[in-house]
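Listed below, chain by chain, are the residues.
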Amino acid sequence: MARTRIVLKDPDRFKDPANLTWERYIALQARERERYLAERAAIPDDALAYRTVSPRYLERAVDQFANNYYSELSATHYIATAAANASFDELKKCCLFQLADEQRHLEMDREVFERAGIPERDWLPAWEAPGTTCRFFRHVLELEDTFEILVKANFVAEGAAGPGTFAVLADGAEARGDLLSAVNHRARVRDETRHISFARSLVKALIDDDPANLDVIQRWQDESLQLFVEVARGGERHEWWEGFLGSYYKIALPLGLRPTSLPLA
Ligand SMILES: [Fe+2]
Ligand SMILES: [Fe+2]
């Protein structure tokens, strides 16, 4: 029977690539928060109250706001599970730092919804509509295994969504007068970059520890990307999807993973 689980026999193979201690992390968090608050304080009141965007922009942006908010909300939950079930301290530590990051992202995205005046009853339906990343995140929320969560969410999803996508989202929001979203995306990306290198180091450690782990990671990748395919359906998001796969494969293929064969509509 094919293996479904991974064990890291030698935990010393994994070291936090950001080399953070609790002291260093807390200092970094404080600096990030200060920087974020300063950037937000520089946004004119009109823009902060969403009076500078068109009604049409807001109508269409609800889906994007929901995608941001609920993926961060999901992240706070799955990374807490990953921390609770981590088999050694260095791994647990990285998960806990990430939990604090995701909590901050969640607060930023909640504020967008609130300042844009979108009633809370509209948030969840936008997230549950077809063509969002909801199916993927709901799957991750059911998982309990730390390695599986980190491979699927940090390595595959963040690795794919990472820096490129957030830069595009930030520029797009800014061009339409949504300065708060632009500031949020630019703040978020500094943490997500760290989450991706955490995941990359972990995957490398797992493969070095036992080459047979590669098959399990490959299957986790395939399952994850299949859950994302629906977001690319319809052709509208073709460019987004190419960028998404492209940034993921850039980190995954050098580690020995193969592209997933995906039926595209
Ligand atoms: Fe995040
Ligand atoms: Fe993250």
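Reference entry: report on the structure contained in this document. (Residues numbered from 1 in each chain as written. Chains lettered and ligands numbered in written order. Predicted model: local features only at pLDDT ≥ 70, side-chain atom pairs only at ≥ 80, totals over all residues. Heavy atoms only, no water.)

1. Focus on the coordination of the iron ion (ligand 1)
(1) Moving on: In this structure, Glu72 (OE), Glu72 (OE), Glu102 (OE), His105 (ND1) and Glu192 (OE) serve as the protein donors to the iron ion (ligand 1), at separations of 2.0 to 2.7 Å.
(2) Moving on: For the iron ion (ligand 1), the single-chain donor residues occur in sequence as E-x29-E-x2-H-x86-E.
(3) Moving on: In this model, the iron ion (ligand 1) sits 3.5 Å from the iron ion (ligand 2), the two metals being bridged by Glu102. Highlighted residues: Glu102 in helix α4 (residues 89–115) and Glu192 in helix α9 (residues 179–209), separated in sequence by 90 residues.
(4) Moving on: On the accessibility criterion, Glu102 (1% relative accessible area) is buried.
(5) Moving on: Residue Glu192 is classed as buried on the basis of its relative accessible area of 4%. (Donors = N, O, S within 2.8 Å, 3.2 Å for Na, K, Ca; no water. Helix = DSSP H or I, 4+ residues; strand = E, 2+ residues; numbered from the N terminus. Buried < 20%, exposed > 50% of the residue type's maximum accessible area, 1.4 Å probe, protein only.)

2. Some remarks on a nonpolar patch on the surface
(1) Moving on: On the surface, Trp22, Ile26 and Leu96 cluster together into a nonpolar patch covering about 300 Å² of accessible area.
(2) Moving on: Residue placement: Leu96 occurs in helix α4. (Patch = residues over 30% accessible without salt bridge, like charges linked within 9 Å, V, L, I, M, F, W, Y side chains within 5 Å. Areas by Shrake-Rupley, 256 points an atom, 1.4 Å probe, with all protein chains shown as cover. Salt bridge = Lys/Arg side-chain N within 4 Å of Asp/Glu carboxyl O.)

3. Here we look at unusual backbone geometry
(1) Moving on: A positive phi angle, near 55 degrees, is found at Asn19, a position not held by glycine.
(2) Moving on: Within the element layout of this structure, Asn19 appears in the segment before α1 (22–41).
(3) Moving on: Positive phi, close to 60 degrees, is recorded for Tyr50, a residue that is not glycine.
(4) Moving on: Here Tyr50 shows up in the loop between α2 (45–48) and α3 (55–84).
(5) Moving on: Note on Tyr50: relative accessible area 5%, which makes it buried.

4. Re the nonpolar core
(1) Moving on: Counting residues in hydrophobic clusters, the biggest one holds 80 residues, and the most contacted among them are Phe14, Phe65, Leu91, Phe147, Phe155 and Tyr248.
(2) Moving on: With 13 residues, α3 is the largest single contributor of residues to this core.
(3) Moving on: Excluding anything up to four places from it in sequence, Phe65 contacts Tyr50, Tyr57, Leu58, Val112, Phe113, Ala116, Ile118, Asp178 and Ser181. (Core = buried A, V, L, I, M, F, W, Y, C linked by side-chain atoms within 4.5 Å. Contact = heavy atoms within 4.5 Å.)

5. Observations regarding the side chain of His105
(1) Moving on: Within the secondary structure layout, His105 lies in helix α4.
(2) Moving on: Leaving out residues up to four positions away in the same chain, His105 has contacts with Glu72, Arg188, Asp191, Glu192 and His195.

6. Thoughts on the packing of aromatic side chains
(1) Moving on: On inspection of all chains with the given rule, the structure shows 19 aromatic pairs.
(2) Moving on: Between Phe136 and Phe137, the ring centres sit 5.1 Å apart and the planes meet at 75 degrees, which makes this aromatic pair edge-to-face.
(3) Moving on: Between Tyr248 and Tyr249 the ring centres are 5.6 Å apart and the planes differ by 50 degrees, which places this aromatic pair in the tilted class. Pair check on accessibility: Tyr248 and Tyr249 agree, each one buried. (Phe/Tyr/Trp six-rings, centres within 6.5 Å; stacked < 30°, edge-to-face > 60°.)

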